[in-house]
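Chains, contacts and geometry: an overview
Now for the letters of each chain:
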Amino acid sequence: MQDNTRGSLFMILAMAAFAIEDMFIKAASVLMPTGLVLALFGLGGTLLFALLTKQRGEQIFHPALLSKPILLRALSEVTGRLFFTLAITLTPLSSASAILQATPLVVVLGAALLFGENVGLKRWLAIMVGFVGVLMIIRPGLEGFTPASIFAVIGMLGFAGRDLATRAAPPVLSNMQLGVYGFFVLIPTGLALLIYSGEALHVDPDASLQIAGSVLFGVIAYNALTIAMRTGDVSVVTPFRYTRLIFALLLGIFVFSETPDGMMLLGGLLIVVSGSYTVLNNHRAVSTSKA
């Protein structure tokens, strides 16, 4: 099997697993307080990634943990996970997932502003088109506007910040170590949300199984994503990230009986097209500069 085909298949696997992870979290949040779900999800992910880290013979608590990029990454992880969890809990999974697809556009924008990367006029236009797609899904000031959809936007910005901070993270830290830290910060975050909401603490057996499923599929997704990004050409593999929206739409329709409307579907299409163009254009620019 060619590297590009193998990398693309692993990317599709990762996106399917991420969508299933979101499905389990949304379902668990119906049965248990969202803060408790987030804390247990963080605990499960921390333990699994800690085991994987130890298997590789790496330190779980590396001194680089206290470096500025890692602290910023932790803050961004908290923001992304907290608000996206609230988004998929309070709004349709399909629309929240569509907004999440704008993350690569924000990463490109952040790379230009923070790292001085060159972004041409065409990519700026693509970013603007993608943001128009986000506005079409949110519909501020129009009938059908759901205030809770803003949580998806904040979550998306948090995940973009996490990706940017990861680029600046000390190279001595492995993906497994970053996974430990990323999940660990969710434990106090979830507990803080539980205290803030004032909801009664109760553990539901069915929700516990769903949380276990979300952790399992989250780890599968993370590992598949790592393999995908290390296999084949980035320009071929990366656009398959947008298959997550397809899986989210299917799960939203068949599991949660959601009915995405034309505006949401068109907005999602604009985000996917603009994001794919930005990725491909960026790869061509990098290849040209190296030639």
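The paragraphs below set out a description of the structure included in this document. (Residues numbered from 1 in each chain as written. Predicted model: local features only at pLDDT ≥ 70, side-chain atom pairs only at ≥ 80, totals over all residues. Heavy atoms only, no water.)

1. Observations concerning the overall build of the protein
Across its full length, the protein holds 13 helices and zero strands. The helix and strand sequence of the protein, counted from the amino end, reads α-α-α-α-α-α-α-α-α-α-α-α-α. For 291 residues, the compact-globule formula gives about 19 Å, and the C-alpha radius of gyration of the protein, at 19 Å, lands near that figure. By principal-axis analysis of the C-alpha atoms, the protein measures approximately 60 × 55 × 40 Å. Taking the contacts inside the protein whose residues are at least 6 apart along the sequence as the reference set, 87% of them involve residues at least 24 apart. When the accessible surface of the protein is totalled, it reaches about 13,800 Å², and 70% of it is carbon and sulfur. Mean positive and mean negative side-chain charge positions of the protein (17 and 14 charges, respectively) differ by 12 Å. (Helix = DSSP H or I, 4+ residues; strand = E, 2+ residues; numbered from the N terminus. Rg over C-alpha atoms; globule rule 2.2 N^0.38 Å. Contact = heavy atoms within 4.5 Å. Areas by Shrake-Rupley, 256 points an atom, 1.4 Å probe, with all protein chains shown as cover. Lys, Arg positive; Asp, Glu negative; His and termini not counted. Charge placed at Lys NZ, Arg CZ, Asp CG, Glu CD.)

2. So, the packing of helix α4 (residues 93-100) against helix α7 (residues 149-167)
Between α4 and α7, the shortest axis-to-axis distance is 9 Å and the interhelical angle comes to 35°. The interaxial crossing formed by α4 with α7 has right-handed handedness. Residue-level contacts link A96, I99 and L100 of α4 to S149, A152, V153, M156 and F159 of α7. A per-class count over the contact of α4 with α7 returns seven nonpolar, one polar and no charged. (Axes fitted to C-alpha atoms, helices over the stretch in contact; angles between N-to-C directions. Left-handed = near helix turned anticlockwise from the far one by under 90°. Nonpolar A, V, L, I, M, F, W, Y, C, P; charged D, E, K, R; others polar.)

3. Structural notes on helix α12 (residues 243-254)
When the terminal C-alpha atoms of α12 are compared, their 17 Å separation across 12 residues agrees well with the 16 Å that a helix rising 1.5 Å per residue should span. Of all the positions in α12, only T243, R244, L245, A248, L249, L251 and G252 are classed as buried. (Expected span 1.5 Å × (residues − 1). Buried < 20%, exposed > 50% of the residue type's maximum accessible area, 1.4 Å probe, protein only.)

4. Concerning the packing of aromatic side chains
Inspection of the entire model under this criterion finds six aromatic pairs. Judged by centre distance (5.2 Å) and plane angle (55°), the ring pair of F41 and F183 falls under tilted. Taken together, the positions of F41 in helix α2 (residues 34-55) and F183 in helix α8 (residues 175-184) put the pair 142 residues apart, joining distant regions of the chain. The exposure classification of F41 matches that of F183, with both residues buried. The lysine or arginine in question, K26, covers the ring of F256, its NZ or CZ lying 5.4 Å from the ring centre. (Phe/Tyr/Trp six-rings, centres within 6.5 Å; stacked < 30°, edge-to-face > 60°. Lys NZ or Arg CZ within 6 Å of the ring centre and 35° of its normal.)

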